[in-house]
Amino acid sequence: MTFANLGLSPELLLAVAARQYTLPTAVQTEAIPAVLAGQDVMALAQTGSGKTAAFALPLLQRLQQDMEEGSKQRKVKVLVLVPTRELSGQVGQTIETLAEHLPKKLKVAVIYGGASINPQMMHLRGGADVVISTPGRLLDLLDNNALSLQHVSTLVLDEADRLLDLGFADEIKRILEQLPAQRQNLFFSATFSPAVKKLALALLHEPKRIAIADLTENLPDIAQRAIAVDADKRTRLLVHLIKEQQWERVLVFVATKYASDTVSNKLKKAGIKTEAFNGDASQGARQHMLADFKANRIQVLVATDLAARGIDVAGLPAVVNYDLPRSADDYIHRIGRTGRAGASGCAISFILAEHEMHFRLIEKRQDKRVPRETLAGFEPSQTSGDMTPEETDAPTGGIKGKRKSKKDKLRELAAQNK
Ligand code: ADP
Ligand code: MG
């Protein structure tokens, strides 16, 4: 299957070629004809499978056909709801570049919260053809009559699972009330929880269902590693790996903003070009960091899950889970940041003894066991994993010659008091 076979216009084929998309991805192959035909679509496909172009290309083609030339006031025909500011920017950029060669110029408005509303209101004067927005800010703008959704012919929910995770269910409901009943709905998600399913059922009308394998099935290109290590040796291990592996870029995930600051400061001290990527940085600052990251001016971003949502950096060679994610789905989202669109990548998780069971659940979810490694010089003082509880709790526990950690001593006490 080629993009040309999918019935796209020459101008769009040109844009696709310019982006160096040689062949359509699986979700694109399935979605493009359905969207062109005006059908509703529900697509489940992992992060990095090319969902943006899967809806953007056919929608751009249809917009071209429907656009009235010379009308002064543009009417919003396509509304794309996204969970985060970062994603609104990325989706907006993708749509703009794919639309570059189209004969009738489109106006794309990117809207997000956390920035001043006035410039966005100004930008919406005279209307827009495509609006990409986070839900909260869209409602603010609607309350201010800054735009009308009466002429929307296609609604796209991008990363529907994330929209729900972030608690946007009510906002989505309120937005739906302002849309014409008769419209096309496109629903994209990487995961399919009961809540996602419920939203899809409420929204979609005889959709074309696209499920690109299981969430995890397209992961084999990502080499997963799990390194057992003590909490206080993680930063040294990270520095060691960065130097040894010579990654061009690496995205490091931590559990908290605080960790993101402290770990990034330590890496900086080790002479590694690093930034903390978390919600404390302004939107502008984060965009700046992403640009520096993409341009290889920064080697390491130390990010929280929330800030990292939707980061799309082509050719990210490695992701490190300094802290494990809370859920197995978050794990898939994280490691999906590497090896995007066919490129191979590597995901390394640091496993603390007390998180061994948690990592087993993550393995179970993807039905794949990741062998535990220890690296010379970074051997954990507590053993876990394949040892029996008696062995781990043994009073002589720990590794010979190593001083007992506070935790070991507590464990001993607990064992004695049994
Ligand atoms: P998703 O929304 O499924 O997470 P994206 O739409 O963000 O995925 O695409 C992931 C990456 O793959 C982007 O860098 C995008 O430019 C690239 N990409 C999309 N389609 C193709 C294609 N057909 N061939 C090569 N790369 C592609
Ligand atoms: Mg996407």
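Before any of the text, the structure's been laid out above.
A brief look at the structure comes next. In this text, all values refer to a predicted model and were calculated from it rather than measured experimentally.

## Re the site of ligand 1
Part 1 of the argument: Ligand 1 sits among 17 residues. The nearest are Y21, L23, Q28, G48 and T52.
Part 2 of the argument: Q28 is positioned with one of its side-chain polar atoms (N or O) 2.8 Å from a nitrogen atom of ligand 1.
Part 3 of the argument: Contact between ligand 1 and S49: an oxygen atom at 3.1 Å from a main-chain N or O atom of the residue.
Part 4 of the argument: Look at ligand 1: alone it shows 570 Å² of surface, and the protein chains cover 85% of it.
Part 5 of the argument: A class-by-class count of the residues in the shell around ligand 1 yields five nonpolar, eight polar and four charged.
Part 6 of the argument: Inspection of the shell around ligand 1 shows a minimum of three residues originating in each of domain 1 (4-213) and domain 2 (216-393).

## Observations concerning the packing of helix α10 (residues 234-245) against helix α11 (residues 257-269)
Part 1 of the argument: The contact between α10 and α11 brings their axes to 10 Å, and the two run at 50 degrees. Overall, the two elements α10 and α11 adopt an arrangement that is oblique. Of the two elements, α10 crosses α11, and the hand of that crossing is right-handed. Here T235, L238, V239 and I242 of α10 lie close against α11, whose contacting residues are V263, K266 and L267.
Part 2 of the argument: Broken down by class, the residue content of the contact of α10 with α11 amounts to five nonpolar, one polar and one charged.

Cut-offs used in this document
- Residues numbered from 1 in each chain as written.
- Chains lettered and ligands numbered in written order.
- Predicted model: local features only at pLDDT ≥ 70, side-chain atom pairs only at ≥ 80, totals over all residues.
- Heavy atoms only, no water.
- Near = heavy atom within 4 Å.
- Polar contact = N/O pair within 3.5 Å; in protein donor to acceptor, adjacent residues only side chain to side chain.
- Areas by Shrake-Rupley, 256 points an atom, 1.4 Å probe, with all protein chains shown as cover.
- Nonpolar A, V, L, I, M, F, W, Y, C, P; charged D, E, K, R; others polar.
- Domains from an automatic or database assignment.
- Axes fitted to C-alpha atoms, helices over the stretch in contact; angles between N-to-C directions.
- Helix = DSSP H or I, 4+ residues; strand = E, 2+ residues; numbered from the N terminus.
- Parallel < 35°, antiparallel > 145°, perpendicular 65-115°, else oblique.
- Left-handed = near helix turned anticlockwise from the far one by under 90°.
- Contact = heavy atoms within 4.5 Å.

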